[in-house]
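Chain by chain, the residues run as shown.
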Amino acid sequence: MAPCSLFIGSRYRLLLLVALLTGLLVRPATARQVAPLAAPLDSIGYVQEGWTTDDGLPQNSITAICRTTDGYLWLGTFDGLVRFDGVEFTVFNRSNTPGLGSNRILALAADRAGRLWIGTEGGGLTRMQGGRFTTFTRADGLPADVILSLAGDRFGRMWIGTQGGGLVRYESGRFTAFTTKDGLGSNVVGAVVAGDDGVVWAGAGITLTRVWGDRLTHFVLHGKTDRPIMSLCNAVDGGLWIGTAGDGVFGWPTAHRSSYLAEDGLPTGVIEDLAATPTGRLWVATGAGLARVGADGRLRSYPLRNRPVGKRVLSVYEDVEGSVWIGTDGGGLVRMKPAAVHVYTARDGFRVEPMLAVTESHDGAIWVGTNCGGLTRIGPDGQIVTYGAESGLTNDCIWAVLEDEHGTIWAGSYGQGLFRREPNGHFTRFTDADGLPDNVVLSLSRARGGGFWVGTYNGGFARYRDGRFKKTYTARDGLPSNWVRAVVEDERGIVWIATAGGLSRLDPSGRIRSYTTQEGLGSNDVRALYADSSGAVWIGTYGGGLSRLKDERIVTLARRDGLFDDVVSLIQPDRQGNVWMTSNRGLSRVRHSELLDFFDGRVQRVTAFAYGTADGLPKAECNGGFQPSGWLARDGRLWFPTVEGIGVVDPAQISTNPHPPPVAIQSAQIDDLTLPAGELLTFEAGQRRFELHYTALSLLAASRVRFRYMLEGLDQEWIEAGTRRIAYYTNVPPGRYTFHVLAANNDGVWNERGASLPLVVRAHFYETPLFLALCTLAILGICIVGYRLRVRSIAANEKRLEQLVEKRTADLVSVTDSLLAAETQSRQWTETLYNLTSALSATLDRDEVLDRLLTYLEQAVPFTRAAVGFGRDEVMHEVVAWP
């Protein structure tokens, strides 16, 4: 965001008038004390997030919280049992889970075998194992059906505190009760806990009971409390923490452990639940809020924000990832986790909350320029002082701030020029009349060799040194725009200029060269710069991502390549090997080495880690377009301006979540049919389009968990699903497959084992191997029969051919004999005819000779027709044509 800067053209005079009028109102410098800057951030606060019935809870009173070995968080309510994976709630009640004894849950416990035990109000004890619910009541030997407390010991036994039935042990399918007849102080057992040494402790009324085997030892807590014991938990030193119904919480038996009462800062002395951590902290759920006893013994209360009801805390639990889960009475579920980012806002003494620029002075103080709220100093001791018109700042809109090499603070304003803080604490103003390029100052940065660079809204930039402004550079000198947002000078003396029209470089020779999208820049709207020691310059743009110019080659990293946002308002390396960036969507970091690998072409993507409202920012949006838009302080902390306060993060305290998230495959969805994921998932014939639902049980930042999956037997490689928790498949051929899914937590730690589920897609009969085999056999049979018929046909044809050949051969022999006979007779007839013709031709005329000749020839025609196939007409034709 760039407040007001987008409206200067049309509203300049109006806003300037407002600023001048503001300057006439004398407001004395104000001071307020906050936490010292050296205080560790984890002591400053926690980030809270809440869920109610609007988010899927069946009821807003959370009576019990525990986590099973598979990673699910379980909640007890007065309207059912709830399973939570960090994103979705799954409710189990009497209507959908007949094996559950009652919807009113009072106690929960998870044993080492992964079973969940559920204590109900009037419905007995329920055990959930492998998705199956089994309930035990008085009919099964349980002495009472109201279960107040549960604890599993190291031997796999479950200890049950009942109302009216005493303390009960469940072992090997058998219940054993200890009551007042056995010396128990009361048959109402409100608390029970098992130690690693096998000892079980029970709070029965006002009596603390130690159980070892079948032996009970009682302790009356004289001088500590005369109220019933409400809760127990093991302390890290081997002792116990005891919470009472009115006398607060105290440690036992360690003598030096202090008691904590309402007068010591507890919200109330009524203790509902206790949860100790391996680091020595103790969370205390009281009837009026939440408190924590630190490892140093100090007590601190934590008000639950945005909870108009539910101030009474019924249950508390801290998981292995550091999240503290709080069950309220009517206010739903609350999660607290240490804030990675702390933000100073108006609550800490700032006049306004939009911050624009920040720098550090030589004394360790942080100076913050605000959007028309003056110039504010946060001292090393945590004292906040704001300077305004009473100190000579005639404009409260401070858009740039810097300390020069002499230790002098300079502040650039909107419309009133540049201000210098004098030793007496007052400010002297410089305007365009003094050589300032423009009275709207957007950026200030130190120059090598002394002085500093000043970037303005509409006047280009200039250097201030030795009491005056040197040459001003504008579009006439080659700048693509006079709107200069940042100026950085590298180790070679090259000055890099971020403008609204692209990137420019000013060589020591005075020549300006510009780079735009035509040269590969992500966007011409440049708002942040960083020059590294290799001679490269990193360019943050508005909408074009992060670009790097090195050796006259520009490479751009965008959101599609893993960058958190395409708006980059700050580029700041830290001392831990990260590069931090701010944007409209929040704060993010990427490993410096990973960015180099991308820019040098060794990798195709980077992994960005983001910080937003879930990490302590009141609003995720950060401000940019001014300089300095962030500052790495001497103590290693990073300061950055946001739309609602000045943020600070300590990269050295950003711990990586080392816990790979447990992965679970929950169900399959086919149209409106949901199939639970068991040991084998079977799809019927024709069900080739389905969804597979999976999850990962990283509750610290569930929305940032990433997944990849593969259907072995179909997919050739892993499919990157991002944060999506559903795998979609269509037209899956019949066969056997195995679905694999992996997950990474919010810090990119992968569970490489993941979860797997074999599944079968059944085929129609005509798609089965049997059907194919039958078809193959049928085709083979048809071929064989066809072959045999063909062979028989060929044999019959051969036989008929042989018979025909024989017949034709006989006919040919007969014809041949006839032809030979005809030839002989023809020869004789020819000779006779010749003689006759010769004799007749002397006495007869031509016609008579022909008639007699025809008579002889007709006798030879049958023989000739049989031999050569001529008819009578053809013979006559030949004879007639004979000369």
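What counts and what doesn't
- Residues numbered from 1 in each chain as written.
- Predicted model: local features only at pLDDT ≥ 70, side-chain atom pairs only at ≥ 80, totals over all residues.
- Heavy atoms only, no water.
- pLDDT = per-residue confidence, 0-100.
- Helix = DSSP H or I, 4+ residues; strand = E, 2+ residues; numbered from the N terminus.
- Contact = heavy atoms within 4.5 Å.
- Pairing = 2+ DSSP bridges.
- Axes fitted to C-alpha atoms, helices over the stretch in contact; angles between N-to-C directions.
- Polar contact = N/O pair within 3.5 Å; in protein donor to acceptor, adjacent residues only side chain to side chain.

Overview of the confidence of the model for the chain
In step 1: Within the chain, residue pLDDT values average 86, and 86% of them lie at 70 or more.
In step 2: When pLDDT is averaged over each helix and strand of the chain, the minimum, 34, is found for helix α1 (residues 8-24) and the maximum, 98, for strand β4 (residues 73-77).
In step 3: Across residues 38-43, confidence stays below pLDDT 50; counting only partners more than four residues off in sequence or on other chains, it has 15 contacts.
In step 4: Every residue in residues 867-872 is under pLDDT 50, and counting partners more than four places away or in other chains gives eight contacts.

Some words on the sheet that holds strand β39 (residues 441-446)
Where strands meet in a sheet, backbone hydrogen bonds hold them as pairs that are either parallel or antiparallel.
In step 1: Here we have four strands laid out as an open sheet, ordered β39-β40-β41-β42, and antiparallel in their pairing. Here the strands that pair on one side only, and so sit at the sheet edges, are β39 and β42 (468-473). For this sheet the average axis-to-axis angle between neighbouring strands, irrespective of direction, equals 25°.
In step 2: Here β39 runs beside strand β40 (residues 452-456); their pairing, made up of five bridges, is antiparallel. From the neighbouring strand, R446 faces β40, where its bridge partner is F452.

Some words on the sheet that holds strand β28 (residues 324-328)
In step 1: Reading across from one edge, β2-β29-β28-β27 is the order of the four strands in this open sheet, with antiparallel pairing throughout. Both outer strands of the open sheet, β2 (46-51) and β27 (313-318), are each paired with one neighbouring strand and no more. Pairs of neighbouring strands in the sheet enclose a mean axial angle of 20°, with direction left out of account.
In step 2: Summarising the sheet, β28 and strand β29 (residues 333-338) pair through four bridges and their orientation is antiparallel. Paired with V324 across the two strands is M336, which belongs to β29.

Some words on the side chain of D438
In step 1: Note on placement: D438 falls in the loop between β38 (427-430) and β39.
In step 2: Only 3.1 Å separates the side chain of D438 from the backbone nitrogen of V440, close enough to count as a polar contact.
In step 3: Setting aside chain neighbours within four positions, we find D438 in contact with T456, Y457, N458 and G459.

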